[in-house]
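Chain by chain, the residues run as shown.
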Amino acid sequence: MDNSLIIIGGGLAGSEAAWQAANRHVKVRLYEMRPDKLTEAHRTGLLGELVCSNSLRSNDPQSAPGLLKKELSMAGSLIMEAAVAATVPAGSALAVDRDVFAGYITRRIAEHPEIEVVREEVKELPDGITVLATGPLTSEAMTRCLSGIVGSDYLYFYDAIAPIVDAATIDYEKVYRMSRYGKGGDDYINCPMTKEDYERFYSALTEADRVTPREFEENRVFEGCMPIEVMAARGVDTPRFGPMKPVGLPDPKTGRDPYAVVQLRAENRALTAYNLVGFQTRLKWPEQKKVFGMIPGLEHAEFLRYGSLHRNTFINAPLVLNRDLSLKQKKTLFIAGQVSGVEGYIESTAMGLLAGINAAARIRGLQGAEVPPASAHGALIRHLTETEIKHFQPSNINFGLFPVPEAAAKIRDKRARRALIVAKALEDWRRYVGLREEG
Ligand SMILES: Cc1cc2nc3c(=O)[nH]c(=O)nc-3n(C[C@H](O)[C@H](O)[C@H](O)COP(=O)(O)OP(=O)(O)OC[C@H]3O[C@@H](n4cnc5c(N)ncnc54)[C@H](O)[C@@H]3O)c2cc1C
């Protein structure tokens, strides 16, 4: 057996992983099944093809996606190099010409002396050190392999994401902390609704614009993760018997159960972000802001992440993944990209970068450096490895995932607080990038 690193999938994560490993003098064999076999969303044989939007989101370094991109660039990311080469005007966002972008990645990978590209579907997992980066539309054969390792109960095919709000932007005058029937202390924040509140909210919810599912995405929804608007369409009281059930949650101001309630559950241990329990949705983003902004207490809430529901292949990361992105059940197998449980182009790229670095270190017999928890990359790793297993859903990068530095905790001004988080992230990431260069 030779000492090559096998990478399966030449999308964003696989291309980035190949680039990082090859630049550490590790021979890479990168398998990509396109163009012979396309996924339901890809159209070309180009590596790093973007399947939908051409935007890599905000370029503002004081925003969470901007910070993640900055860290990627500092680490010599190929995907970021391609994005800069393919930029099109898009205000404060980084958007690209998709053909120039994917063409650039394909050419740079093909020219790299340490990388061999093999155009073939991989149907069985190889024995050697491997990075799996087959994306949300992983081929059936590879899905079977992966489910054989992690167990079919811990590999999912749809994500059902509820919106998340910034804890500092909730109006605490209007909400109260309580668990249903007092079981579980003050874990939940409850947003109580009167009958009039509920009726206004209900009609806005049922009239709001939705994202149309793609052809290959079944319109079928699972009872356990039904979008809130689909539930509402079943009848005016259906949400009140579902996630908006008020029983056992008496409002301390009245001593009575409200007419309906929206419960918010902590998204992290620092309690800086809360998700709207049971509010997975296909509403368009501006509609989510408008409709969910009608919930008492959330009138001025900042949405760190909007809800969504779409076809996706991902593992229950907190249960099966180590911090270096290798699998607990098979330490020679690293998981990168969307399959690892992150959401989005740059987040997938980031998990490709780390998997490439860590797999290369393993092949070279080096101890990989710990990713700094305060960095944007570290925030994603924390999400993958420390989220409560029962509630795990993929996430894109947002400030709710970051630890708040002690000095920032006391600052009320949001911009000033975030500036400290960003400064700490960059300081630690700079050290990490320097560390690995010495490694
Ligand atoms: C329809 C859709 C639209 C999306 N739109 C957006 C968006 O607008 N913005 C955003 O930020 N994110 C979006 N995402 C989410 C995600 O960011 C992208 O899917 C992203 O491309 C994931 O990167 P990846 O490297 O993990 O997977 P991919 O980029 O999909 O790469 C996986 C690669 O593996 C190959 N492959 C699969 N199985 C095998 C196999 N067995 N052998 C060899 N090769 C294989 C595939 O052909 C593919 O090239 C979308 C996802 C989907 C499904």
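All of these numbers come straight from a predicted model, not from anything done at the bench.

**Observations concerning the pattern of salt bridges**
It is possible for side chains bearing opposite charge to pair when their charged atoms get close.
Here's step 1: Going through the model one piece at a time under the given rule, you end up with 23 salt bridges.
Here's step 2: Of the charged contacts, one joins Glu116 and Arg29 as a salt bridge, the two residues approaching to 3.5 Å between their closest N and O atoms. Of the two residues, Glu116 sits in strand E6 (residues 115–119) while Arg29 sits in strand E2 (residues 28–32), which places them 87 residues apart along the sequence.
Here's step 3: A residue is classified by how much of its surface remains accessible, and Glu116, at 44% relative accessible area, is partly exposed.
Here's step 4: The partner of Arg34 in a salt bridge is Glu32, and the shortest N-O contact between them spans 3.2 Å. For the pair formed by Arg34 and Glu32, the shared burial category is buried.
Here's step 5: When salt bridges that share partners are traced, they join Asp166, Glu302, Lys414 and Arg418 into one network.

**Considerations on the site of the ligand**
Here's step 1: Around the ligand sit 32 residues in total, of which Ala13, Glu32, Gln338, Gly344 and Tyr345 are the nearest.
Here's step 2: One of the backbone nitrogen or oxygen atoms of Met33 is found 3.3 Å away from a nitrogen atom of the ligand.
Here's step 3: Residue Ser53 places a main-chain N or O atom 3.2 Å away from an oxygen atom belonging to the ligand.
Here's step 4: Protein coverage of the free-state accessible area of the ligand, which is 970 Å², stands at 93%.
Here's step 5: Contributing elements (two or more residues each) for the shell around the ligand: helix H1 (12–22), E2 and helix H11 (345–363).
Here's step 6: Looking at the shell around the ligand residue by residue, the class counts come to 14 nonpolar, 13 polar and five charged.

**Side note on the sheet that holds strand E3 (residues 55–58)**
Here's step 1: What the three strands build is an open sheet, ordered E3-E5-E4; its pairing is antiparallel. Bordering the open sheet on either side are E3 and strand E4 (87–88), each of which pairs with just one other strand.

**Some words on the sheet that holds strand E1 (residues 5–8)**
Here's step 1: If you walk across this open sheet you meet the five strands as E6-E2-E1-E7-E16, and the pairing is parallel. Where the open sheet ends on each side, the last strands, each with one partner, are E6 and strand E16 (333–335). Shown here is a sheet whose adjacent strand axes are inclined to one another by a mean of 20 degrees, direction ignored.
Here's step 2: Bridge count between E2 and E6: five bridges; the pairing is parallel. From the neighbouring strand, Leu30 faces E6, where its bridge partner is Val117.

**A few points about the side chain of Glu71**
Here's step 1: Mapping Glu71 onto the fold places it in helix H2 (residues 64–74).
Here's step 2: Here Glu71 sits buried without a salt bridge, and the closest side chain of opposite charge, Arg430, lies 9.5 Å off (N-O distance).
Here's step 3: Contact partners of Glu71, with chain neighbours within four places excluded, come to Ser375, Ala376, His377, Ala425, Leu426 and Trp429.

Cut-offs used in this document
- Residues numbered from 1 in each chain as written.
- Predicted model: local features only at pLDDT ≥ 70, side-chain atom pairs only at ≥ 80, totals over all residues.
- Heavy atoms only, no water.
- Salt bridge = Lys/Arg side-chain N within 4 Å of Asp/Glu carboxyl O.
- Helix = DSSP H or I, 4+ residues; strand = E, 2+ residues; numbered from the N terminus.
- Buried < 20%, exposed > 50% of the residue type's maximum accessible area, 1.4 Å probe, protein only.
- Near = heavy atom within 4 Å.
- Polar contact = N/O pair within 3.5 Å; in protein donor to acceptor, adjacent residues only side chain to side chain.
- Areas by Shrake-Rupley, 256 points an atom, 1.4 Å probe, with all protein chains shown as cover.
- Nonpolar A, V, L, I, M, F, W, Y, C, P; charged D, E, K, R; others polar.
- Pairing = 2+ DSSP bridges.
- Axes fitted to C-alpha atoms, helices over the stretch in contact; angles between N-to-C directions.
- Lys, Arg positive; Asp, Glu negative; His and termini not counted.
- Contact = heavy atoms within 4.5 Å.

Taken by themselves, the reported measurements are silent on function.
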